[in-house]
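So you can see what is in the structure, the chains are spelled out below.
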Amino acid sequence: MTSLSPDIAARLKRDAAGLVPAVVQQHGSGEVLMLGWMDDEALHRTLTSRRTTFWSRSRQEYWVKGETSGNVQTVLEVRLDCDGDTLLVRVDQHGAACHTGDHTCFDATVLPLGDG
């Protein structure tokens, strides 16, 4: 059973798997670093440890960012959006945020825009 505050839990709108997307942003610069998924327990762990904790949909287990890579995210603030269906996690990133070694998960490909 999760220890997430009932007030916070009541505001969350989860998907069918009980997850909420968590956008991770560099504090100060506003740069978007990555997207992860949290359930109530992952959010509770993130809030209490100040280390980003996610639910791995592929491995079906919790993981703490930087636990094996050393690329730690220190959580400075967590916000819930107006609809309760997305989290914004503001962090101090140490090292690469992306598992590929890139600074962010959004460094690789810029999609072309049409003429409108």
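A few points on the structure. (Residues numbered from 1 in each chain as written. Predicted model: local features only at pLDDT ≥ 70, side-chain atom pairs only at ≥ 80, totals over all residues. Heavy atoms only, no water.)

1. Section: the sheet that holds strand 1 (residues 20-26)
Sheets are built from strands paired through backbone hydrogen bonds, the pairs being either parallel or antiparallel.
Here's step 1: Taking strand neighbours across the sheet as the criterion, the four strands line up as 2-1-6-5 in an open arrangement whose pairing is mixed. Edge positions in the sheet fall to strand 2 (32-38) and strand 5 (73-80), since each has one partner strand and no second. Each strand axis lies, on average, 25° off the axis of its neighbour in the sheet, ignoring direction.
Here's step 2: Relative to strand 6 (residues 87-93), strand 5 runs antiparallel, the two being bridged by seven bridges. (Pairing = 2+ DSSP bridges. Helix = DSSP H or I, 4+ residues; strand = E, 2+ residues; numbered from the N terminus. Axes fitted to C-alpha atoms, helices over the stretch in contact; angles between N-to-C directions.)

2. Quick look at the packing of aromatic side chains
Here's step 1: Going through the model one piece at a time under the given rule, you end up with two aromatic pairs.
Here's step 2: Centroid distance F54 to W63: 4.9 Å. Interplanar angle 35°. Geometry classified as tilted.
Here's step 3: W63 gets classed as partly exposed once you look at its relative accessible area, which sits at 23%.
Here's step 4: When the centroid spacing of 4.8 Å and the interplanar angle of 70° are considered together, the rings of W55 and Y62 count as edge-to-face.
Here's step 5: For Y62, a relative accessible area of 26% translates into the label partly exposed.
Here's step 6: Above the ring of Y62, the side-chain terminus of R45 is found at 4.2 Å from the ring centroid. (Phe/Tyr/Trp six-rings, centres within 6.5 Å; stacked < 30°, edge-to-face > 60°. Buried < 20%, exposed > 50% of the residue type's maximum accessible area, 1.4 Å probe, protein only. Lys NZ or Arg CZ within 6 Å of the ring centre and 35° of its normal.)

3. Here's the deal with the pairing of strand 3 (residues 53-56)
Here's step 1: Where burial is concerned, the two faces of strand 3 agree: the one with T53 and W55 and the one with F54 and S56 are both buried.
Here's step 2: In this structure, strand 3 lies alongside strand 4 (residues 61-64), joined through four bridges in antiparallel fashion. Bridge pairing in strand 4 places W55 opposite Y62.
Here's step 3: In textbook terms, the turn of a hairpin is the stretch between consecutive antiparallel strands, and for strand 3 and strand 4 this stretch comprises four residues, one of which, Q60, has a positive phi near 60°.

4. Let's talk about the pattern of salt bridges
Here's step 1: Under the defined criterion, the tally for this structure stands at five salt bridges.
Here's step 2: Between R79 and E77 there is a salt bridge, and its shortest N-O distance comes to 2.7 Å.
Here's step 3: Through salt bridges with shared partners, a single ionic network connects E77, R79 and R90. (Salt bridge = Lys/Arg side-chain N within 4 Å of Asp/Glu carboxyl O.)

5. Let's talk about a nonpolar patch on the surface
Here's step 1: A cluster of nonpolar side chains, contributed by V32, L35 and F106, occupies part of the molecular surface with about 270 Å² of accessible area.
Here's step 2: Examined against the element boundaries, V32 turns out to sit in strand 2. (Patch = residues over 30% accessible without salt bridge, like charges linked within 9 Å, V, L, I, M, F, W, Y side chains within 5 Å. Areas by Shrake-Rupley, 256 points an atom, 1.4 Å probe, with all protein chains shown as cover.)

6. Notes on the side chain of D39
Here's step 1: By the element assignment, D39 lies in the loop between strand 2 and helix 2 (40-49).
Here's step 2: One buried charged residue, D39, forms no salt bridge at all, with the nearest opposite charge on R45 at 7.1 Å.
Here's step 3: Those residues within four positions of D39 in sequence are excluded, and the remaining contacts are G18, L19 and Y62. (Lys, Arg positive; Asp, Glu negative; His and termini not counted. Contact = heavy atoms within 4.5 Å.)

Nothing here speaks to function; it is geometry throughout.
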